[in-house]
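Take a look at the letters that make up each chain.
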Amino acid sequence: MLSNDLRLALDAVAFAREALGFEPDPWQANVLRWNGKRLLLNCCRQSGKSSTAAVLALHRALYHPGSLILVVSPSLRQSGELFRKVTDFLSNIKLEQQPLLKEDNRLSLTLDNNSRIVSLPSTETTVRGFSGASLIIEDEASRVPDELYYAVRPMLAVSGGRLILMSTPFGKRGHFFHEFVEGGEGWERISIPASECPRISQDFLKEEQATMPDFFFRAEYLCEFTETVDQVFSYEQVQGALSDDIEPLQF
Ligand SMILES: Nc1ncnc2c1ncn2[C@@H]1O[C@H](COP(=O)(O)OP(=O)(O)OP(=O)(O)O)[C@@H](O)[C@H]1O
Ligand SMILES: [Mg+2]
């Protein structure tokens, strides 16, 4: 029979339930068990994205000694909140061998197995110092600037690490949208509308639908990439106006 620790190392869902007391929703369980390299999660508000990111980061850190895990968020406030989810889980963790913290800063921690979890806000200059990340998670990726995304990706080059973008959509723009619609075969794509979140009731959704502009409701709860409110031309109009037959002007 497998030792308990080995079982939890091999199964992040068992780890979430037994070590963290976190019962994942079905979609969260699929994400925790996913073992590919590139994942796009298009999820509605409050579906549990940040919680899932925190579980994934901790599981990787505990069972792959020496890992660097980067969790990127659009703002300092959001990276602080996400990091708090990680530290809350860690301070209540139940394992045969309790992990020890070597270092605990406001937005990063190092375990005694030399794994680090770093929660980064979107200030591109803070990102360039890291290398060899084995897992990068972008939370609210639709609001993370494209420059940051392109600064972060090369960190996976040598490590062969995994990249997960999780977000509620925010218009037909930016890297999250582009990877989702035209990012090619390398990505696995999962959409989680509010109907798949057991904590969001039909009554609440009806109230939101009656209150919110259609544009926001379809983005926030139905996970649709709607046009942005201030957009003059639609995405389809812009795509339709492009032609490979016309040489770009050179200045
Ligand atoms: N599997 C779960 N079981 C019980 N509660 C959960 C689960 N997943 C998430 N939650 C709770 O749902 C709430 C929202 O979770 P979380 O912050 O992870 O979602 P989110 O998708 O990141 O939200 P937002 O869109 O606001 O960023 C939190 O109170 C969290 O504790
Ligand atoms: Mg969140």
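Everything that follows concerns the structure shown earlier in this document.
Scoring rules and cut-offs
Residues numbered from 1 in each chain as written. Chains lettered and ligands numbered in written order. Predicted model: local features only at pLDDT ≥ 70, side-chain atom pairs only at ≥ 80, totals over all residues. Heavy atoms only, no water. Helix = DSSP H or I, 4+ residues; strand = E, 2+ residues; numbered from the N terminus. Rg over C-alpha atoms; globule rule 2.2 N^0.38 Å. Buried < 20%, exposed > 50% of the residue type's maximum accessible area, 1.4 Å probe, protein only. Contact = heavy atoms within 4.5 Å. Areas by Shrake-Rupley, 256 points an atom, 1.4 Å probe, with all protein chains shown as cover. Lys, Arg positive; Asp, Glu negative; His and termini not counted. Charge placed at Lys NZ, Arg CZ, Asp CG, Glu CD. Polar contact = N/O pair within 3.5 Å; in protein donor to acceptor, adjacent residues only side chain to side chain. Salt bridge = Lys/Arg side-chain N within 4 Å of Asp/Glu carboxyl O. Pairing = 2+ DSSP bridges. Near = heavy atom within 4 Å. Axes fitted to C-alpha atoms, helices over the stretch in contact; angles between N-to-C directions. Parallel < 35°, antiparallel > 145°, perpendicular 65-115°, else oblique. Left-handed = near helix turned anticlockwise from the far one by under 90°.

## Notes on the overall build of the chain
Each helix and strand in the chain was counted, giving ten helices and eight strands. Here the chain has a C-alpha radius of gyration of 20 Å; the compact-globule value for 251 residues is 18 Å, and the two agree. Its C-alpha atoms give the chain principal-axis dimensions of roughly 60 × 50 × 35 Å. Scored against the burial criterion, the 251 residues of the chain give a buried share of 49%. Pairs at least 24 apart in sequence give 69% of the contacts found in the chain among residues at least 6 apart. As displayed, the chain has an accessible area near 13,300 Å², and 52% of this comes from carbon and sulfur atoms. Side chains of the chain carry 25 positive and 34 negative charges; the gap between the two charge centres is 6 Å.

## A few points about the environment of Ala 157
In this fold, Ala 157 is placed in the loop between helix 6 (146-152) and strand 7 (162-167). Taking the C-alpha atoms as reference points, Ala 157 and Ala 133, 24 residues apart in sequence, are found 9.0 Å from one another.

## Here we look at the side chain of Ser 167
Positionally, Ser 167 belongs in strand 7. We classify Ser 167 as buried; its relative accessible area is 0%. Looking at Ser 167, its side chain comes within polar contact range of the side chain of Ser 142, at 2.9 Å. Contacts of Ser 167, omitting those with residues within four sequence positions, involve Leu 41, Asn 42, Cys 43, Lys 49, Glu 140, Ala 141, Ser 142 and Phe 176.

## Digging into the pattern of salt bridges
When charged atoms on two side chains of opposite charge get close, those side chains can pair. Applying the stated criterion across every chain yields a total of ten salt bridges. Put simply, Arg 33 and Asp 11 hold a salt bridge, and the shortest N to O gap is 3.1 Å. Remark: Asp 11 occurs in the loop between helix 1 (4-10) and helix 2 (12-20) and Arg 33 occurs in helix 3 (residues 26-33); sequence separation between them is 22 residues. Ionic pairing is found between Arg 77 and Glu 81, a salt bridge with its closest N-O pair at 2.8 Å.

## Describing the pairing of strand 2 (residues 68-72)
Summarising burial for strand 2: five of the five residues are buried, a large majority. Burial along strand 2 is two-sided: Leu 68, Leu 70 and Val 72 and Ile 69 and Val 71, pointing in opposite directions, are all buried. Sheet topology places strand 2 next to strand 5 (residues 116-120); five bridges connect them, and they run parallel. Within strand 5, the residue paired with Ile 69 across the bridge is Ile 117. Here strand 2 runs beside strand 6 (residues 135-139); their pairing, made up of four bridges, is parallel. Bridge pairing in strand 6 places Val 72 opposite Glu 138.

## Here's the deal with the site of ligand 1
In the region of ligand 1, 15 residues are neighbours, and Gln 28, Arg 45, Gln 46, Lys 49 and Ser 51 sit closest. Within the side chain of Gln 28, a nitrogen or oxygen atom sits 2.8 Å from a nitrogen atom of ligand 1. Burial of ligand 1 by the protein chains amounts to 71% of its free accessible area of 630 Å². The biggest single contributor to the shell around ligand 1 is helix 4 (residues 49-63), with three residues.

## Side note on the packing of helix 3 against helix 4
Look at helix 3 against helix 4: their axes get within 10 Å of each other, and the N-to-C directions meet at 30°. As summarised for this structure, helix 3 and helix 4 are arranged roughly parallel, according to the angle between their axes. The element helix 3 and its partner helix 4 pack so that their crossing is right-handed. On helix 4, the residues touching Trp 27, Gln 28, Val 31 and Leu 32 of helix 3 are Lys 49, Thr 52, Val 55 and Leu 56.

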